[in-house]
Every structure is written in structure tokens, then in C-alpha cells.
Amino acid sequence: MGVFDKIGEATFSEGGNYFRPGAYDLEIVKVKQDQTRKNHDFVAVDCKILGTTSDMHIGEIGNWFTSNQHDSFLGNVKQFCYALLSSSGSVDANSITPEIVESICKDNGAAVVGSRIRLQVTQVSTQKGGTFSRHTWLPAGATV
């Protein structure tokens, strides 16, 4: 058996350039719903940076990833979808249904690619002394 025998089954790595603290004006490039290698459901969003107060660069692609390993998963997805849909019209947060989320994620987000959205990322301290990045999604044009 050779080192490259399973090359046909290999997939490209897709993540890693996560948003750092700051405010962002973004354009949606891709929205993906899938499972990790450990069978955890996730949503990943790739966005082109149009403007930012962070140390990231305009034109760079930033990534957001949230998985059902965390209690906040559904709330995070709902906030993202609400902000995205609010950018294009009047939407009530209660109108974010499973069908709406599935339509946003379908075909790598084809229905929302090119849409604009805002993001505020802040570092938050945990009770155990660590930190995590809080992502607050806002409609395009909203003030942060």
C-alpha cells in the first residue's frame, strides 16, 4: 500500500482564518452546514472583508464556525440568519424557522452569496480564566 492510495478520498481544508476582535462590514462568500469528523453538526460562514477596525485586511476572507458542541449553537445561527435577512427587509426574529436556515445553507449559501452583513467581535473572559470570541451579527448598515 502506497502513501497516496487514498488521495481520491481526501478533502481540502476549508477553515482557519477566524475573525479577530473588531467591527466588520462583510460580503457573504459561502454558508455551509455539515458535520465534523466527530459527527458534530456545524455551520460555517466565509465572508469577504469590505471594511474593518481589526488588524485583518480589506479583501481578505474571514471565517466563522459554530457547532452544536456548544449550548449557544442554535442561538448563534439564529442571530446570524436574522441579521442577514434583516439587511434585505423587515424580518421578525421569530420568523427564523428550520426551513429558512436550511434555505440559507443550501448549495453553500447560493441564495445569500453576495449579501452584506455587519459583525462585531469582542474577547470575553470565561469563569475558568480563558477567553472566547463573541460574534454579534448585525444587519448591513447597522451601527456597532
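Please refer to the structure placed before this passage.
Residues numbered from 1 in each chain as written. Predicted model: local features only at pLDDT ≥ 70, side-chain atom pairs only at ≥ 80, totals over all residues. Heavy atoms only, no water.

> Mind showing me how you'd approach the environment of Asp-41 here?
Here Asp-41 is to be found in strand 2 (residues 41-52). Using a relative accessible area of 27% as the deciding quantity, one classes Asp-41 as partly exposed. Sequence separation of Asp-41 and Thr-66 is 25 residues, and the distance between their C-alpha atoms is 8.7 Å. Those residues within four positions of Asp-41 in sequence are excluded, and the remaining contacts are Gln-33, Asp-34, Gln-35, Thr-66, Ser-67, Asn-68 and Phe-73. Here Gln-35 takes part through its side chain, which lies 3.1 Å from a polar atom of the side chain of Asp-41. (Helix = DSSP H or I, 4+ residues; strand = E, 2+ residues; numbered from the N terminus. Buried < 20%, exposed > 50% of the residue type's maximum accessible area, 1.4 Å probe, protein only. Contact = heavy atoms within 4.5 Å. Polar contact = N/O pair within 3.5 Å; in protein donor to acceptor, adjacent residues only side chain to side chain.)

> Where do I start with helix 1 (residues 73-86) in this structure?
Residue pairs spaced three or four apart in an α-helix point in one direction, given the helix's 3.6 residues per turn. Under the 1.5 Å per step criterion, the end-to-end length of helix 1 is 20 Å for 14 residues, consistent within 8% with the ideal 20 Å. Taken together, the buried positions of helix 1 are occupied by Phe-73, Val-77, Phe-80, Cys-81, Ala-83, Leu-84 and Ser-86. Buried residues in helix 1 make contact with strand 1 (22-35), strand 2, strand 3 (61-67), helix 2 (98-109), strand 4 (116-125) and strand 5 (131-139). (Expected span 1.5 Å × (residues − 1).)

> What is the right way to read the nonpolar core from this model?
One finds Phe-19, Leu-26, Ile-28, Val-31, Phe-80 and Trp-137 to be the most contacted residues of the largest nonpolar core, which totals 26 residues. Of all elements in the fold, only strand 1, strand 2, helix 1, helix 2 and strand 4 reach the threshold of two or more residues within this core. When residues of this core are assigned to their parent elements, the largest contribution, six residues, is made by helix 1. Setting aside residues no more than four positions away along its own chain, Trp-137 makes contact with Leu-26, Cys-47, Trp-64, Gln-79, Phe-80, Ala-83, Ile-117, Arg-118 and Leu-119. (Core = buried A, V, L, I, M, F, W, Y, C linked by side-chain atoms within 4.5 Å.)

> Help me understand the pattern of salt bridges in this model?
Opposite charge on two side chains permits pairing when their charged atoms draw close. Taken as a whole, this structure holds three salt bridges when the rule is applied. For the salt bridge of Arg-20 with Asp-55, the shortest nitrogen-to-oxygen distance reads 2.8 Å. Here the residue Arg-20 occupies a position in the segment before strand 1, and Asp-55 occupies one in the loop between strand 2 and strand 3, the gap between them amounting to 35 residues. Two residues, Arg-116 and Glu-27, come together in a salt bridge whose shortest N-O distance is 3.8 Å. Note that Arg-116 is positioned in strand 4 and Glu-27 in strand 1, a separation of 89 residues in sequence. The exposure class assigned to Glu-27 is partly exposed, which follows from its relative accessible area of 22%. (Salt bridge = Lys/Arg side-chain N within 4 Å of Asp/Glu carboxyl O.)

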